[in-house]
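Structural characterization, general
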Amino acid sequence: MANIGDLPEDVLVELFSLVPARELICNCRLVCVLWRDVVNLATVWKRKCQREGFYHEKWDKTIKDWKIFYVLCSLKKNLLKNPCAEESFQSWNLDPNEGDEWKVEDLPGPHGTDFPSPHVRKYFVTSYGQCLKSQLIDLKKEGYWDQLMDEIRPDIVVKDWYAARFDCGCRYELCVKLLSADYIVLNEFCPEPVVIEQWSDAKWREISYTFRNYKAGVRHILFEHGGQDTQYWAGWYGCRVTNSSITIEPGRSP
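Quick caveat, the model's predicted, so the values are computed rather than measured.

The rules behind each value
- Each chain has its residues counted from 1, following the order in which its sequence is written.
- At least 70 in pLDDT is required for a residue's local features to be given in this predicted model, at least 80 for side-chain atom pairs to be given and counted, and no such filter applies to totals for whole chains, interfaces and linings, which use all residues.
- Think of the side-chain values as coming from all heavy atoms in the structure, minus any hydrogens and water.
- Disulfide assignment relies on a single distance test, namely cysteine sulfur atoms paired within 2.5 Å.
- Throughout, exposure labels follow a simple rule: accessible area from a 1.4 Å probe, protein chains only, divided by the maximum for the residue type, with under 20% read as buried, over 50% as exposed, and the rest as partly exposed.
- Each Phe, Tyr or Trp ring, with Trp reduced to its six-membered ring, pairs with another whose centre is within 6.5 Å; inter-plane angles below 30 degrees give stacked pairs, above 60 give edge-to-face pairs, and intermediate values give tilted ones.
- For helices the rule is a DSSP run of H or I covering at least 4 residues; for strands it is a run of E covering at least 2, with both sets numbered from the N terminus onward.
- Only Lys NZ and Arg CZ are tested; either one counts as a charge over a ring when it is within 6 Å of the ring centre and within 35 degrees of the ring normal.
- Helix axes use the C-alpha atoms of the stretch in contact, all axes being lines fitted to C-alpha atoms, and the angles between their N-to-C directions lie in the range 0 to 180 degrees.
- Should an angle fall under 35 degrees it is called roughly parallel, over 145 degrees roughly antiparallel, and 65 to 115 degrees roughly perpendicular, with every other angle called oblique.
- Two helices crossing with the near one rotated counterclockwise from the far one by less than a right angle form a left-handed crossing, whereas a clockwise rotation gives a right-handed crossing.
- We call two residues in contact whenever any of their non-hydrogen atoms come within 4.5 Å of each other.

1. A few points about the state of the cysteines
Applying the stated criterion to the full structure yields 1 disulfide. In this model C32 remains outside any disulfide bridge; the closest cysteine sulfur is found in C28, 9.8 Å from its own. Judged by its relative accessible area of 32%, C32 falls in the partly exposed class. With no disulfide of its own, C131 lies 9.8 Å from the sulfur of C239, the closest cysteine sulfur.

2. What to know about the packing of aromatic side chains
For the structure shown, the criterion picks out 17 aromatic pairs. Judged by centre distance (4.1 Å) and plane angle (0°), the ring pair of F189 and Y209 falls under stacked. Taken together, the positions of F189 in strand β7 (residues 185-189) and Y209 in strand β9 (residues 205-211) put the pair 20 residues apart, joining distant regions of the chain. Members of the aromatic cluster, connected to one another through ring pairs, are F89, W92, W102, F124 and F223. One Lys or Arg, K133, reaches over the ring of W92 and ends 3.2 Å from the middle of that ring. Sitting over the face of the ring of F124, K133 holds its NZ or CZ atom 3.8 Å from the ring centroid.

3. Side note on the packing of helix α4 (residues 42-51) against helix α5 (residues 66-75)
Taken N-terminus to C-terminus, the directions of α4 and α5 make an angle of 30°; their axes are 8 Å apart at the nearest point. Comparing their axes, α5 and α4 come out roughly parallel. In the packing of α4 onto α5, the handedness of the crossing is left-handed. The residues of α5 that touch α4, namely those facing A42, W45, K46, K48 and C49, are W66, K67, F69 and Y70.

Here it is, written out as structure tokens:
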């Protein structure tokens, strides 16, 4: 019987493309020089991308490292937990939480509008006092190792949605910070607060930002947003937020 090492390279590529990525990197590469060289081939990882829907022909000339591209695509997820208030305030830190404090409401809400995506059914709403909520993301716990973040520095994409009631103005603010292992701020996106006047269209608006070419050493991400109403009415007439996300992505493709 022929040895597996006697198989043509294209057959080995096809076989290895069926093996889970962690097994390829942690076990298969260590078997012998031949297996190491085949596992390191871009064609193996390109084939895995094709199998799992991460591939498009127009990207052929833009992907520098198919292994890293595959790993980032397979890891991609929303790093923020409970972004649409389905679990009340679970996973969020509420500080400050002033006035009548934060509340969760069902869409579209009083004097509100429907959200663009039907899967979003709830939102968080502030009161007349300043209300901010935050999450601290540990990148290593989410599967992003130090060397990846320091050498590849994949895009970190931030998105958030906010809205006001038709009958009350509000103030919305967002601040996202990239932190080192000891929580030193390395990069940040903290735009000027947005003020929506009373009698607005109450439509949902998206804010988006991508961190690129940031400093090495990023180990945590701090996401904080919120606001308050501008009429200072008792109750929950303030800023509405939902469907927040932070994703780590391979980068721009044409």
